[in-house]
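Structural characterization, general
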Amino acid sequence: MDKQTVAVLFGGRSSEHSISSATAGGVLGAIDRDRYEVIPVGITREGAFVLEDDDPAKFPLDAAHLPEVVDNGTRVLWPEPGGDRTLRVVRADGSVEGLGEIDVVLPILHGPHGEDGTIQGYFDTLEVPYAGGGILDSALCMDKHFMKVVLQSAGISVAPWVTIRRGQWTTSSETLRAEIADLGLPLFVKPARAGSSVGVSKVDDLSELDAALAIAFAEDDKVLVETGVTGREIEVAILDSAEGVRASLPGEIVLTSRAFYDFEGKYLGGDGVDVVCPAALTDAEVAAIQDVGVRAFEAMDGRGLARVDMFLTTDGDLIVNELNTMPGFTPISMFPKCWIASGLSYGDLITELVEAALRR
């Protein structure tokens, strides 16, 4: 069988650059080398596309040293629309080298400029196939305000919220404070368009609101203030495959000493949080969670994959918190764990994503 060439794209300009780079280490180590030729392309924090080393060990998930893409002087030249799909690199000395024709791009980028529809639009313009979400679902799921609007319109429960734009807070803070007070406590304050719990704060008293908003506004000029939902934190992995859209066994975030599932708990194996899959649930609960996950994915016009995060309340209600169109793929991440628990290995999961992109 002729091998197909996959450009693995990682790093990026967002605050989740290191997580994307660590995810690349996992993907480069697990992708089926008998089936695919791999070209690793890094994006520096400044936005330069560079040819990276095909070395999983270069990108470890290590709290003491988070990996990153460093500008090595190379520049990757993407194919022109309508021509062949040859990827080229300009070396530091100015020489140009062909790297071969690429069949598909696997973008494992998180956050702005990667998970928000922008890079997807770029590859659509270049007529280069890519794995994962498309423009619309990526953009909708990146913006928590519009994500909630779409979910609500599809009859899916979400936590009550108030959206605040920076300018509104300056001019109408008293009105907004009254709306926020009506939400009740505790509250969660989060940037509308950041991920990995960056800029998120829990507010147990309204006196903490201004400080929490300042942290969130540092990431985005649009911020959501949400009612805190009491319930089990359940996550289900969704895959758009040859058999149609399917859901994994659900997993659960079990907090033992953290206030919420923050950046350190998600990625650095911090104490106080356990990522459990499969979660201890009844068959009826599993079926309901999988149904809501698929419905949420389809409401967003989902493509490729997503992780759907929700709360299971003591009353048995399911309240969707968010969808991630490029969820973490690190060894301790929920998305691969749930598929492994459902009988799909890490390597086979990558193959499914690449094959779905090739089918499209």
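Residues numbered from 1 in each chain as written. Predicted model: local features only at pLDDT ≥ 70, side-chain atom pairs only at ≥ 80, totals over all residues. Heavy atoms only, no water.

Per an unreviewed UniProt entry, the recorded name for the protein chain is D-alanine--D-alanine ligase, and the organism is Microbacterium keratanolyticum. Per its UniProt entry, the protein chain bears the Function (unreviewed entry) comment "Cell wall formation." According to its UniProt record, the protein chain has this under Sequence similarities (unreviewed entry): "Belongs to the D-alanine--D-alanine ligase family." (UniProt positions renumbered as here; feature names shortened; annotations may be inferred.)

Looking at the packing of aromatic side chains
For the coordinates displayed, the defined rule picks out eight aromatic pairs. Between Trp78 and Phe123, the aromatic rings sit 5.0 Å apart at their centres with planes inclined by 75 degrees, giving edge-to-face as the arrangement. In this pair, Trp78 sits in the loop between strand E4 (75–77) and strand E5 (86–90) while Phe123 sits in helix H2 (residues 118–126), placing the two residues 45 residues apart along the sequence. Comparing Trp78 with Phe123, the two get one shared label, buried. On the basis of an interplanar angle of 40 degrees and a centroid distance of 6.3 Å, the ring pair of Phe123 and Tyr130 is categorised as tilted. You'll find Phe123 and Tyr130 in the same group, each marked buried. An aromatic cluster of three or more residues is present, and its members are Phe49, Trp78, Tyr122, Phe123 and Tyr130. (Phe/Tyr/Trp six-rings, centres within 6.5 Å; stacked < 30°, edge-to-face > 60°. Helix = DSSP H or I, 4+ residues; strand = E, 2+ residues; numbered from the N terminus. Buried < 20%, exposed > 50% of the residue type's maximum accessible area, 1.4 Å probe, protein only.)

Quick look at the nonpolar core
Membership of the largest hydrophobic core comes to 36 residues, with the highest contact counts inside it found for Val8, Leu106 and Phe329. Of all elements in the fold, only strand E1 (4–11), helix H1 (17–30), strand E2 (36–43), strand E7 (104–107), strand E12 (232–241), strand E15 (273–276), helix H10 (334–341) and helix H11 (346–359) reach the threshold of two or more residues within this core. Broken down by element, this core gets its largest block of residues, six residues, from H11. Ile289, Ala296, Phe297 and Val308 belong to the second largest nonpolar core, which has 30 residues in total. (Core = buried A, V, L, I, M, F, W, Y, C linked by side-chain atoms within 4.5 Å.)

Some remarks on the UniProt feature "binding site: Mg(2+) 1" (unreviewed entry) in the protein chain
According to UniProt, the feature "binding site: Mg(2+) 1" (unreviewed entry) maps to Asp309 and Glu322 in the numbering used here. Residue placement: Asp309 occurs in strand E16 (residues 305–312). Overall, Asp309 belongs to the buried group, its relative accessible area being 6%. Side chain to side chain, Asp309 and Arg307 meet in a polar contact 2.8 Å long. Of note, Glu322 is situated in strand E17 (residues 318–324). In contact with Glu322, other than residues within four places in its own chain, are Lys144, Met147, Arg307, Val308 and Asp309. (Polar contact = N/O pair within 3.5 Å; in protein donor to acceptor, adjacent residues only side chain to side chain. Contact = heavy atoms within 4.5 Å.)

Some remarks on the pairing of E16
Strand residues, when the strand is regular, have side chains that alternate between the two faces of the sheet. Extensive coverage of E16 is indicated by the burial of eight of its eight residues. Along E16, one buried face is formed by Leu305, Arg307, Asp309 and Phe311 and the opposite face, lined by Ala306, Val308, Met310 and Leu312, is buried too. Strand direction decides the pairing type here: E12 and E16, joined by eight bridges, are antiparallel. The residue of E16 that forms the bridge with Ile238 is Ala306. Of the pairings in the sheet, the one linking E16 to E17 comprises six bridges and is antiparallel in character. Bridged to Leu312 within E17 is Leu318. The loop that links E16 with its antiparallel partner E17 comprises five residues; one of these, Gly316, has a positive phi angle of about 85 degrees. (Pairing = 2+ DSSP bridges.)

Here's the deal with the pairing of strand E13 (residues 244–247)
For E12 and E13, the ladder comprises four bridges, and the chain directions are antiparallel. Its bridge partner lying in E13, Asp240 is registered against Val245. In this antiparallel pair of consecutive strands, E12 and E13, the connection spans two residues.

Description of the state of the cysteines
Within the structure shown, the criterion is met by zero disulfides. With no disulfide partner, Cys141 has as its closest neighbouring cysteine sulfur the one in Cys338, 17 Å distant. Its relative accessible area of 8% is what places Cys141 among the buried residues. (Disulfide = S-S within 2.5 Å.)

A short note on the pattern of salt bridges
Counted by the stated rule, this structure contains 23 salt bridges. Residue Asp143 is joined to Lys222 by a salt bridge in which the shortest nitrogen-to-oxygen separation is 2.8 Å. Residue Asp143 is found in the loop between helix H3 (135–142) and helix H4 (144–153), and its partner Lys222 is found in strand E11 (residues 222–227); the two are separated by 79 residues along the sequence. The class of Asp143 is buried, set by a relative accessible area of 6%. (Salt bridge = Lys/Arg side-chain N within 4 Å of Asp/Glu carboxyl O.)

Thoughts on the sheet that holds strand E6 (residues 96–101)
With antiparallel pairing, three strands are arranged side by side in an open sheet as E4-E5-E6. The open sheet is flanked by E4 and E6, the only strands paired with a single partner. Across the sheet, the mean angle from the axis of one strand to that of its neighbour is 25 degrees, orientation sign disregarded. Pairing analysis gives three bridges linking E4 to E5, with the strands arranged antiparallel. Bridging across to E5, Val76 finds its partner in Val89. (Axes fitted to C-alpha atoms, helices over the stretch in contact; angles between N-to-C directions.)

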